[in-house]
There are 2 protein chains.
Amino acid sequence: MYLAMNRFRVKPDREEQWEQIWKQRESYLAEVPGFVQFMLLRGADAGDYISFSQWESPEAFHAWTRSESFRLAHAQGAIGEVLDGPPVLGLYEPVITETPTSREFAQTQPQPGRQGPRH
Amino acid sequence: MYLAMNRFRVKPDREEQWEQIWKQRESYLAEVPGFVQFMLLRGADAGDYISFSQWESPEAFHAWTRSESFRLAHAQGAIGEVLDGPPVLGLYEPVITETPTSREFAQTQPQPGRQGPRH
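The following paragraphs examine the structure supplied in this document. (Residues numbered from 1 in each chain as written. Chains lettered and ligands numbered in written order. Predicted model: local features only at pLDDT ≥ 70, side-chain atom pairs only at ≥ 80, totals over all residues.)

**Some details on the overall build of chain A**
- Of regular secondary structure, chain A possesses three helices and five strands.
- Sequence-ordered secondary structure for chain A, helices as α and strands as β, is β-α-β-β-α-α-β-β.
- Once the C-alpha set of chain A is aligned to its principal axes, its extents read approximately 45 × 35 × 35 Å.
- Residues classed as buried in chain A amount to 26% of the 119 residues present.
- When contacts within chain A are restricted to residue pairs at least 6 apart in sequence, those whose partners lie at least 24 apart make up 67%. (Helix = DSSP H or I, 4+ residues; strand = E, 2+ residues; numbered from the N terminus. Buried ≥ 20, exposed ≤ 12 C-beta atoms within 10 Å, placed from the backbone. Contact = placed C-beta atoms within 7 Å.)

Okay, structure coming up:
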C-alpha cells in the first residue's frame, strides 16, 4: 500500500469554488492500474485541504504520474488562482495498519536520510 | 466518515526507536465505537510521520479522545524525546470519495472562517 497526499491552502471565500472545480473535474482514475481510492479532504480549519490517494504500490503511483490519465486530469484548468501558495506533496507507506479485527506491521525499516521523489 | 491526522517530525536516527514504540504500544482501538482504521505512516522523506485514524463520524472521534481507551493508550511512556517539536493535528471530512467503481460527493458545504477543536 502507498499513499500520496497533496496539501493545499485555499484562499478565504474561494473554498466553494475550489470544491466545485474538483467535483466537475474528470479524474480519469477508474482505469488506472493499481489505483485503490481517492478522497478530497476538507479540513476542520478554514482553507486546509488534502488530496489523498491510495495505491497498491509506489510503482503504481509513479507510473500514474507519467501516464496520459494524469496529463488529462491535470489539463482541466488552473487551480492556482484559488490557492495561497503551491501544494505540498507527501508520500507515505504504512508501518502499522490496524482495523477492529486486525493489526499488521510492515516488514521494511526506515532508511535514515532518505528523500522522496520530487514531482 | 471522519479522519484525524497527527503529523510528527522524528529526530534523525531515532526513527527505528519511534516505530518500535508504536509497534509495542497497545492501542485499545479495537473496542472503541465508531473506529474504522488506523495507520502509522512513514514518509518518503526522513523524519516525516503521520498517525492516521478513520472514524465513522466526528462524534465517534471526539468521544474517543475523552475515553478511558484514549487515556490508557496515551499513558504508555513519553514519545517526546524522539520528536523534533510537538505533533500537529489535522481533522478532515471527505468532500469527494472515489474508488475504481464509485464516486461520491459530500452534501455539506465549507463554512468560511471555521476553526476545528483543539485537543
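**Details of the relation of the copies chain B and chain A**
- The two copies are related by a screw operation: chain B maps onto chain A through 180° of rotation and 0.0 Å of translation along the axis, at an RMSD of 0.0 Å. Classification of the inter-copy transformation places it as that of a two-fold axis.
- Both copies contact each other with a shared surface, as 100% of the interface residues of chain B are interface residues in chain A too. (Least-squares fit on C-alpha atoms with pLDDT ≥ 70 in both.)

**What about the nonpolar core?**
- Of all hydrophobic cores here, the largest spans 42 residues; its most connected members are Leu 3, Leu 41 and Phe 52 of chain A together with Leu 3, Leu 41 and Phe 52 of chain B.
- Excluding residues within four positions of it along the chain, Phe 52 of chain A makes contact with Leu 3, Met 5, Phe 38, Met 39 and Leu 41 of chain A. (Core = buried A, V, L, I, M, F, W, Y, C linked by C-beta atoms within 7 Å.)

**Considering the environment of Gly 85 of chain A**
Residues and elements named next belong to chain A.
- Here Gly 85 lies in the loop between helix 3 (68-73) and strand 4 (88-99).
- Its 9 C-beta neighbours within 10 Å are what place Gly 85 among the exposed residues.
- Linking Gly 85 and Trp 55, residues 30 residues apart in sequence, is a C-alpha distance of 26 Å.

**Concerning the interface of chain B and chain A**
- The interface of chain B with chain A comprises 43 residues on the first partner and 43 residues on the second.
- Within the residue set of the side of chain B that touches chain A, elements represented by two or more residues are helix 1 (15-24), strand 2 (35-43), strand 3 (48-55) and strand 4 (88-99) of chain B.
- For the side of chain B that touches chain A, the leading source of residues is strand 4 of chain B, giving 10 residues.
- Each residue belonging to the side of chain B that touches chain A can be placed in one class, and the counts come to 22 nonpolar, 10 polar and 11 charged. (Nonpolar A, V, L, I, M, F, W, Y, C, P; charged D, E, K, R; others polar.)

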